[in-house]
Amino acid sequence: MPLDEIAPPPRLLMGPGPISVDPRVLRAMAAPLVGQFDPFMTTTMNEVMALYRHVFATDNEQTFLVDGTARAGIEAALVSLIEPGDRVLVPVFGRFGHLLAEIAGRCGAEVHTIEVPWGEVVAPEQVEEAVLRLRPKVVACVQGDTSTTMCQPLDDIGRICAEHGALLYVDATASIGGNEFRTDDWQIDIATAGLQKCLGGPSGSAPITLSPRAVDVINGRRHVEAGLREIPGGEDSDTASGRVIASNYFDLAMVMDYWGPRRLNHHTEATSMLYAARECARLLVAEGIDDAVARHARHGAAMLTGVQGLGLGVFGDLAHKMHNVVAVGIPAQLGAVGGDAVRGRMLEDFGIEIGTSFGPLHGKVWRIGTMGFNARRDAVLTTLAALEQVLRAAGVAVPPGGGVTAALQSYAGAGA
């Protein structure tokens, strides 16, 4: 059956991600392809590594991309670090902490968790007590969990892990670029991210950075594919060591060889996603990392103030809320069904997408994001104006102009 050229409807993506891609990133993705060992390609890979050292605030040599969505980066980090029987500690304060625990379990780890109610974060004292008691090889933690909108403080956790010999892995997918993140200062051993949140790109590439300590652990399990091996014992010895990493595609020892000076073939790099990742990082570095975080804080504060100006409640400990997403209480008179209907009307009438949530929060909150290209004044005000109209049509009494007025006052107070 013949099909027309693909023509997605225009959308303003104001949910918890993905977000509307920056047009400059889309233009970069349309650039011509080159061969994977073309000098332009390898130069671009080196540029990407340098750019993401700025994004992650690190001097780590091993900073590169895992081809795949953000979850590919998570899987690569955990399957490369964890051997069956290793003890892993996961602080859980939302859906994605549970995800880290599940993936660690699939790697054969002995998984232990610290769980706090959704809407809170884990205290460093809880982590330290568990680390001293369990002596885990790895502590795996989410920084920003979009299911609850909470942002976990990491500086004390990094110190605790370093003092007691645990490797710290952090999933920064939802937070990096819009919230402070300092790999080296916080003593983080591995961090992974995705493009589709504050970095302003499409899903499909997972930036990653590894400390020298993490590199040593992973290279202790290095196995070169049979068809690529050179004579063992040479300068670039291909002698196998340790237990083989269970995944070929997510084997970070192999991926490091691919991104390193040897360019030892592993997979065919996703060229258009490489271009996208480069442009996302280039734009962020050009803006200034601190300025980008401040931009997300400014527009996130305006959105928070705006939904409160509509008389809506906000979920969670606001002292630990991410800058880039807010969980808005669905009015009790609407219930879960009415909450979904509001989201449907926002999309159908205004072309604006907002999110629901998961697990215990499903049907109880909407999640509204202000991140990446959409962390801007017009997107915030348009979303609040549309939400007011849809709520009014659904029979919810809201102050006329309350959301936009409150957001404008927030901007005035911030000098924006």
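Residues numbered from 1 in each chain as written. Predicted model: local features only at pLDDT ≥ 70, side-chain atom pairs only at ≥ 80, totals over all residues. Heavy atoms only, no water.

**What about the packing of aromatic side chains?**
And then number 1: Tallying each qualifying case throughout the model produces six aromatic pairs.
And then number 2: Aromatic pair Phe56 and Phe181: ring centres 6.3 Å apart, planes at 65°, arrangement edge-to-face. Of this pair, Phe56 sits in helix H2 (residues 39-56) while Phe181 sits in the loop between strand S8 (167-171) and strand S9 (190-192), placing them 125 residues apart in sequence.
And then number 3: According to the relative accessible area criterion, Phe56 is buried, its value standing at 0%.
And then number 4: Linked through ring pairs, Phe56, Phe181 and Trp186 together constitute an aromatic cluster.
And then number 5: Above the ring of Phe358, the side-chain terminus of Arg95 is found at 4.4 Å from the ring centroid.
And then number 6: The ring of Phe373 has Arg376 lying over it, and the distance from NZ or CZ to the ring centre is 4.7 Å. (Phe/Tyr/Trp six-rings, centres within 6.5 Å; stacked < 30°, edge-to-face > 60°. Helix = DSSP H or I, 4+ residues; strand = E, 2+ residues; numbered from the N terminus. Buried < 20%, exposed > 50% of the residue type's maximum accessible area, 1.4 Å probe, protein only. Lys NZ or Arg CZ within 6 Å of the ring centre and 35° of its normal.)

**Notes on the nonpolar core**
And then number 1: Judged by nonpolar contacts, the single largest core of 90 residues is most densely connected at Tyr52, Phe181 and Trp259.
And then number 2: With sequence-adjacent residues up to four places away left out, Trp259 is seen in contact with Met45, Val48, Met49, Phe64, Leu65, Glu269 and Leu274.
And then number 3: Counting 30 residues, the second-largest nonpolar core is a separate cluster that includes Val328, Leu384, Ala386 and Tyr411. (Core = buried A, V, L, I, M, F, W, Y, C linked by side-chain atoms within 4.5 Å. Contact = heavy atoms within 4.5 Å.)

**Here we look at helix H9 (residues 271-287)**
And then number 1: The end-to-end C-alpha separation of H9 is 24 Å, in line with the 24 Å expected for 17 residues at 1.5 Å each.
And then number 2: Of the residues making up H9, those classed as buried are Thr271, Met273, Leu274, Tyr275, Ala276, Ala277, Glu279, Cys280, Ala281, Leu283 and Leu284.
And then number 3: Structurally, H9 contributes buried residues whose contacts are with helix H1 (23-29), H2, strand S2 (62-67), strand S10 (205-210), helix H8 (252-259) and helix H10 (289-309).
And then number 4: Looking one or two residues beyond H9, the residue adopting positive phi is Gly288, at roughly 100°. (Expected span 1.5 Å × (residues − 1).)

Function-wise, these values are silent; they only describe arrangement.
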